[in-house]
Amino acid sequence: MAEIKKPLEINDRTKIERIGVHSHIRGLGLNSSLDAHSASNGMVGQLPARRAAGLILQLVREGRISGRAVLLAGQPGTGKTAIAMGLAKSLGPETPFAPLSSSEIYSLEFSKTEALTQAFRKAISVRITEEVEIIEGQVVKITIDRPASGERGAAWNTGKLTLKTTDMEAVFELGGKMIEALMKEKVQNGDVITLDKASGKVTNLGRSTWTTMNYDAVGSSTKFVQCPEGELQKRKEVVQCVTLHEIDVINSRTQGFLALFTGDTGELSSEVREQVNSKVTEWLVGGKAEIIPGVLFIDEAHMLDIECFSFLNRALENEMAPILVIATNRGISNIRGTNYRSPHGIPADFLDRLLIICTQPYTEDEILKILDIRCEEEDVKMSISAKGLLMKISVETSLRYAMHLIILAALACQKRKGALVERGDVSRVYHLFIDVKRSVQYLTEYQNEYMPNEINETEAMQS
Ligand SMILES: Nc1ncnc2c1ncn2[C@@H]1O[C@H](COP(=O)(O)OP(=O)(O)OP(=O)(O)O)[C@@H](O)[C@H]1O
């Protein structure tokens, strides 16, 4: 591999915010001395677990995390994933957080170890500082030559760009790609722009303060910048943060840059990874880069098998390893693929290296507060007595089930043209959608009415 390529602009991906099950979680809700507020940042209760997660956050921030692994253990719906999300939100934009559910490891496209290796490398960022050559100036004039054929829709291939600083002015020839980049950035006379000479990337920095005197009125959102001084061509220090996985994908001949967007990376060769590692080490030694280990979160950890645990054990020994946070709601159960029983379905030697954080069931007050936050998040106005009923349902069934009923009750309310969700709306949807307990009860009652399956028939024959 001649040269290791770094991805450009990959951190510019637009995030689409949806109302998801954890969208109300905005952080761990801790104060500056890492004590947990009873309700803050969308997080309610679980004070010891949140405090413990706060200490992990501190370790990550101080970079003292190599080889550490944390287990979040607790009953279903007690906020293990919510705490991991809170941790992720508190990390800051440069620290990577790679979430993974154990079931994603078992794929036909790649081996378990490949899936885990990719996940590990998604949780390690490299901050690269380098000097690039740029052209920076205020646009005086853009001339684009009409296509010779005069055909409508024919591409504009050539043109000229005049740029100036406070000290000089120069004209640059434009090619088709550069014209496209200028159009994409909506560059017009009077804007201050930079052109990256290596990649051809155009950045529109804003309107030059000089233009206000010469051009028409501008909108209130317009950003003003000074007209650059000195030479048009200069060297500038730029900082990029990319994960090791992103560098791997870009340097993998078979995958290429677009795979980052489709997520269709397939197996990456260990050769590419070795070359990327040695290049990154070179950058580190030369002071051009810095490693930022982040957090790898694996949910449903009881679904990992003995090979995965042995891989994780070894991967954690690596000095570049991120912090590993795993979560499970299982008690004593079989280690996947074996007949051995073990706490949480996790082998004893692996358990021994974990810091264990336990989550506890919620009190009625805490459930009420969480439901309140969810109503706000889903923009649902609900009466106090309806919330009380929802809380009772949550105690009898589960927090998740009660949370699902919020939007359903709001729809029932909308249907009767009500302004406030009332007890009756909650009760109506409670009877329309059954929870797990009632589903099991129903199944036991009507078991014989269902189609028999193969296992039942075989079992019946054996007995
Ligand atoms: N302490 C909390 N504060 C605010 N919201 C919470 C809290 N705990 C749980 N929730 C919310 O309740 C729902 C269920 O919680 P979560 O998925 O985190 O539970 P879990 O322990 O990971 O469950 P499981 O073991 O079934 O995976 C989620 O929508 C979560 O955001």
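Residues numbered from 1 in each chain as written. Predicted model: local features only at pLDDT ≥ 70, side-chain atom pairs only at ≥ 80, totals over all residues. Heavy atoms only, no water.

A.B. asks: Teacher, can you tell me more about the packing of aromatic side chains here?
C.D. replies: A full pass over the atoms with the stated rule returns four aromatic pairs. Consider the rings of Phe97 and Phe297, whose centres lie 6.3 Å apart with planes at 20°: the pair is stacked. Pair noted here: Phe97 is in strand S4 (residues 97-101) and Phe297 is in strand S13 (residues 295-299), with a separation of 200 residues, a long-range link. Look at Tyr401 and Tyr430: their rings are 6.3 Å apart centre to centre, the planes differ by 70°, and that puts the pair in the edge-to-face class. (Phe/Tyr/Trp six-rings, centres within 6.5 Å; stacked < 30°, edge-to-face > 60°. Helix = DSSP H or I, 4+ residues; strand = E, 2+ residues; numbered from the N terminus.)

A.B. asks: For this particular structure, what's the right way to read helix H9 (residues 306-315)?
C.D. replies: Along an α-helix, residues three or four apart share an orientation, since each turn contains 3.6 residues. Residues of H9 that are buried: Cys308, Phe309, Phe311, Leu312, Asn313 and Ala315. For H9, the secondary structure elements touched by its buried residues are helix H3 (112-122), S13, strand S14 (323-328) and helix H10 (348-351). (Buried < 20%, exposed > 50% of the residue type's maximum accessible area, 1.4 Å probe, protein only. Contact = heavy atoms within 4.5 Å.)

A.B. asks: Help me understand the site of the ligand in this model?
C.D. replies: Neighbouring the ligand are 21 residues, the closest being Val21, Val44, Lys80, Thr81 and Tyr362. In this structure, an oxygen atom belonging to the ligand sits 2.9 Å away from a side-chain N or O atom of His22. Coverage of the ligand by the protein amounts to 96% of the 620 Å² it exposes when considered alone. The set of elements that each furnish at least two residues to the shell around the ligand consists of strand S2 (43-44), helix H2 (80-90) and helix H13 (399-415). (Near = heavy atom within 4 Å. Polar contact = N/O pair within 3.5 Å; in protein donor to acceptor, adjacent residues only side chain to side chain. Areas by Shrake-Rupley, 256 points an atom, 1.4 Å probe, with all protein chains shown as cover.)

A.B. asks: In this structure, what is going on with the pairing of S14? I would like to understand it.
C.D. replies: Taken residue by residue, a regular strand's side chains alternate between the two faces of the sheet. Of all the six residues making up S14, six are buried; the element is thus mostly covered by neighbouring parts of the structure. Where strand S3 (residues 69-73) and S14 come together, five bridges link them in parallel fashion. Bridging from a neighbouring strand, Leu71 pairs with Ile326 of S14. Inspection of the sheet shows S13 paired to S14 by four bridges, in the parallel sense. Note that in S14 the partner of Val295 across the bridge is Ile323. Running through H9, the crossover from S13 to the neighbouring parallel element S14 is right-handed. (Pairing = 2+ DSSP bridges. Right-handed = clockwise from strand over helix to strand, strands pointing away.)

A.B. asks: How should the pattern of salt bridges be read in this particular structure?
C.D. replies: Side chains that carry opposite charge are capable of pairing whenever their charged atoms lie near each other. Under the definition given, this model contains 22 salt bridges. Of the charged contacts in the structure, one is a salt bridge between Glu307 and Lys112, with a shortest N-O distance of 2.9 Å. Taken together, the positions of Glu307 in helix H9 and Lys112 in helix H3 put the pair 195 residues apart, joining distant regions of the chain. (Salt bridge = Lys/Arg side-chain N within 4 Å of Asp/Glu carboxyl O.)

A.B. asks: Sorry if this is basic, but what is going on with the pairing of strand S6 (residues 159-164) here?
C.D. replies: Burial within S6 is extensive, with five of its six residues counted as buried. Relative to S6, strand S5 (residues 124-144) runs antiparallel, the two being bridged by six bridges. Across the sheet, residue Ile142 finds its bridge partner in S6, namely Leu161. One ladder, built from six bridges, connects S6 with strand S7 (residues 169-174); its direction is antiparallel. From the neighbouring strand, Thr162 faces S7, where its bridge partner is Val171. Between S6 and S7, which pair antiparallel and follow one another directly, the connecting turn spans four residues.

A.B. asks: What is the right way to look at the nonpolar core in this model?
C.D. replies: As a rule of thumb, nonpolar side chains are buried together in soluble globular proteins. In this structure, Ile298, Leu312, Leu324, Ile326 and Phe350 are the most contacted members of the largest nonpolar core, which totals 28 residues. Elements supplying a minimum of two residues to this core: S3, S4, H3, S13, H9, S14 and H10. Sorting elements by how many residues they give to this core places H9 first, with five residues. Once residues within four sequence positions are removed from consideration, Ile326 is found in contact with Val70, Leu71, Leu72, Ile298, Ala301, Ile346, Phe350 and Leu354. Residues Tyr362, Ile367, Ala412 and Val429 belong to the second largest nonpolar core, which totals 27 residues. (Core = buried A, V, L, I, M, F, W, Y, C linked by side-chain atoms within 4.5 Å.)

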